[in-house]
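Each chain is listed here by its residues.
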Amino acid sequence: MHQPHAEPRRSIYYQYQVHAPWLASARPPQDRKKVVIVGAGPIGLFAALELARLGVPCVLLESELQVSEGSRAIVFTRRSMEILQQVGVARRVVEAGLPWRYGNSFYRGRHVYRMEAPHDEDDRFFPMTNLQQQYLEELLLDAVARQPLIELRWGHKVTGLLRNEAQGAQAGAELEVDTPEGPYRLRAGWVVASDGPRSALRQLCDLRMEGSAYEGKFVIADIRIDLPLPTERLAFFDPDWNPGNTVLMHREPHGIWRVDYQLPADETPEQALAPESLKARIDAQLAMIGHAGVPWELDWSSVYSARAMTLPDFRCGRVLFTGDAAHLLPIFGVRGANTAFQDAQSLG
């Protein structure tokens, strides 16, 4: 397991940039594929590995040319580790991640609750493991590269759903795919939509999610800092510097801490991500936990909204929705990526 303050592992992103043999102009006419997976985030990558484990070949399309930027999902449950073990990735996640089982809650500066997740010395995995999403994606990509039943195509963006017939001799779907070298069409028996919360396939199927989009907005700020604190979840409710709102802190590998805080109702994302705003809030949080003046550097930041929404049906003809393309959950309780891994396993 990496030490908390170890130097960052060199990214292997450059191994996964798009290469000419994957571009449409360099490919022969497309034959019909058994399964096409759209979206090569952690869930699409796992879904491809799970299908390959079961002997099912697939083509995996990703519109971007690299793994995700920023930590995004960081907490993976014991159940997710058991699922990742089935495709041969769990051991490397354990080696790279930080295990934990305790959580602390504070209300107006007072420690009011300590969570202790059950753990036995015979358990193979800890209740929770912290690892930034981009590192998990790289580990999954390593496994994909060793799997001959998976063809991964970078820079291939789905722009059209030309046919989506659920039954009969023509059962299947036909996609229009755009690449830097021009568009092409791809036919498949099944299409798995793992293309995230802004799913293009959801829009192409003219589907709408149902549920609640909450008013609150939150900042995620990953900072590089040396804090002599254990790997435990820290939750602060109604702190002096952010009255009426919440703050979460998590230790991540490679000397990174996540500071996740709720914004006042009238503040825009642009205002929240301004350098002076980030500095003032993070400095206030560090002072509140007794570490004022400790130097830190911003590694990554983003703004998100809490939503609890779902498609009423995860199937549309021959298109199957999984993960954030199918349902959105608030970040609290580490339910997003963890429920999505269960989706993809069940789908396989």
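Residues numbered from 1 in each chain as written. Predicted model: local features only at pLDDT ≥ 70, side-chain atom pairs only at ≥ 80, totals over all residues. Heavy atoms only, no water.

A. Layout of the overall build of the protein. Along the backbone of the protein there are eight helices and 19 strands. The C-alpha radius of gyration computed for the protein amounts to 21 Å, which stays within 12% of the reference 20 Å derived for 348 residues, consistent with globular compactness. Referenced to the eigenvectors of the C-alpha coordinate spread, the extents of the protein come out at roughly 65 × 45 × 35 Å. Here the protein holds 348 residues, and 51% of them are scored as buried. Across the protein, every contact between residues at least 6 apart in sequence was considered, and the portion connecting residues at least 24 apart equals 71%. Here the protein has roughly 16500 Å² of accessible surface; of this, 50% comes from carbon and sulfur atoms. Put simply, the protein has 37 plus and 43 minus side-chain charges, and the middle of one group is 5 Å from the middle of the other. (Helix = DSSP H or I, 4+ residues; strand = E, 2+ residues; numbered from the N terminus. Rg over C-alpha atoms; globule rule 2.2 N^0.38 Å. Buried < 20%, exposed > 50% of the residue type's maximum accessible area, 1.4 Å probe, protein only. Contact = heavy atoms within 4.5 Å. Areas by Shrake-Rupley, 256 points an atom, 1.4 Å probe, with all protein chains shown as cover. Lys, Arg positive; Asp, Glu negative; His and termini not counted. Charge placed at Lys NZ, Arg CZ, Asp CG, Glu CD.)

B. Structural context of the pattern of salt bridges. Enumeration according to the criterion identifies 17 salt bridges in this entry. For Asp31, the salt bridge is made with Lys33, and the minimal N-O distance between the two is 2.7 Å. Since its relative accessible area comes to 47%, Asp31 is described here as partly exposed. Between Asp206 and Arg208 there is a salt bridge whose closest N-O contact spans 3.3 Å. Put simply, Asp222, Glu252 and Arg258 are held in one network by salt bridges that share partners. (Salt bridge = Lys/Arg side-chain N within 4 Å of Asp/Glu carboxyl O.)

C. Geometry of helix α7 (residues 275-288). The end-to-end C-alpha separation of α7 is 20 Å, in line with the 20 Å expected for 14 residues at 1.5 Å each. Within the sequence span of α7, burial applies to Ser277, Leu278, Arg281, Ile282, Gln285 and Leu286. Looking down the long axis of α7, one finds its buried residues gathered within 155 degrees of arc, a one-sided arrangement. Here the buried face of α7 lies against β12 (210-224), β13 (233-237), β14 (246-252), β15 (256-262), α6 (269-272) and β16 (297-310). Directly beyond the C-terminal end of α7, a positive phi value near 85 degrees is found at Gly290. (Expected span 1.5 Å × (residues − 1). Arc of directions from axis to C-beta.)

D. Region of interest: the pairing of strand β10 (residues 172-178). Taking burial as the measure, the seven residues of β10 include five buried ones, the bulk of the element. In this structure, the hairpin formed by strand β9 (residues 157-165) and β10 is closed by a connection of six residues, where Gly168 is found at a positive phi of approximately 85 degrees. Where β10 folds back on strand β11 (residues 184-193), the antiparallel hairpin that results is connected by five residues, among which Gly182 adopts a positive phi of roughly 115 degrees. (Pairing = 2+ DSSP bridges.)

E. Fine view of the side chain of Ser80. With respect to the helices and strands, Ser80 occurs in helix α2 (residues 78-85). Only 2.6 Å separates the side chain of Ser80 from the side chain of Asn338, close enough to count as a polar contact. Excluding residues within four positions of it along the chain, Ser80 makes contact with Asn338 and Phe341. (Polar contact = N/O pair within 3.5 Å; in protein donor to acceptor, adjacent residues only side chain to side chain.)

F. The arrangement of unusual backbone geometry in detail. At Arg108, a position not held by glycine, the phi torsion is positive, near 50 degrees. Assessed through its relative accessible area of 56%, Arg108 is described here as exposed. Even without glycine at this site, Asp238 takes up a positive phi of about 55 degrees. Here Asp238 is to be found in the loop between β13 and β14. Taking the relative accessible area as the measure of exposure, Asp238 reaches 16% and is therefore buried.

G. Geometry of the sheet that holds β13. Read across the open sheet, the eight strands follow the order β6-β5-β13-β14-β15-β12-β16-β19; overall the sheet is mixed. The outermost strands of the open sheet, each flanked by one partner alone, are β6 (110-116) and β19 (327-328). Note: β12 against β15, seven bridges, orientation antiparallel. In the strand pairing of β15, Ile223 is matched with Trp257.

H. Looking closely at the packing of aromatic side chains. Scanning all chains against the criterion turns up five aromatic pairs. Ring centres of Phe218 and Tyr304 lie 5.2 Å apart, and the angle between their planes is 15 degrees; on these two criteria the pair is classed as stacked. Remark: Tyr304 occurs in strand β16 and Phe218 occurs in strand β12; sequence separation between them is 86 residues. Accessibility assignment for this pair places Phe218 and Tyr304 in one class, buried. Centroid distance Trp241 to Tyr261: 5.7 Å. Interplanar angle 75 degrees. Geometry classified as edge-to-face. Of the two residues, Trp241 sits in the loop between β13 and β14 while Tyr261 sits in strand β15, which places them 20 residues apart along the sequence. A connected cluster of aromatic rings, assembled from ring pairs, spans Phe46, Phe76 and Phe341. (Phe/Tyr/Trp six-rings, centres within 6.5 Å; stacked < 30°, edge-to-face > 60°.)

I. Fine view of the side chain of Ser105. When you line up the elements, Ser105 lands in strand β5 (residues 102-107). Dropping the residues within four chain positions of it, Ser105 is found in contact with Arg110, His111, Val112, Tyr113, Arg233, Ala235 and Phe237.

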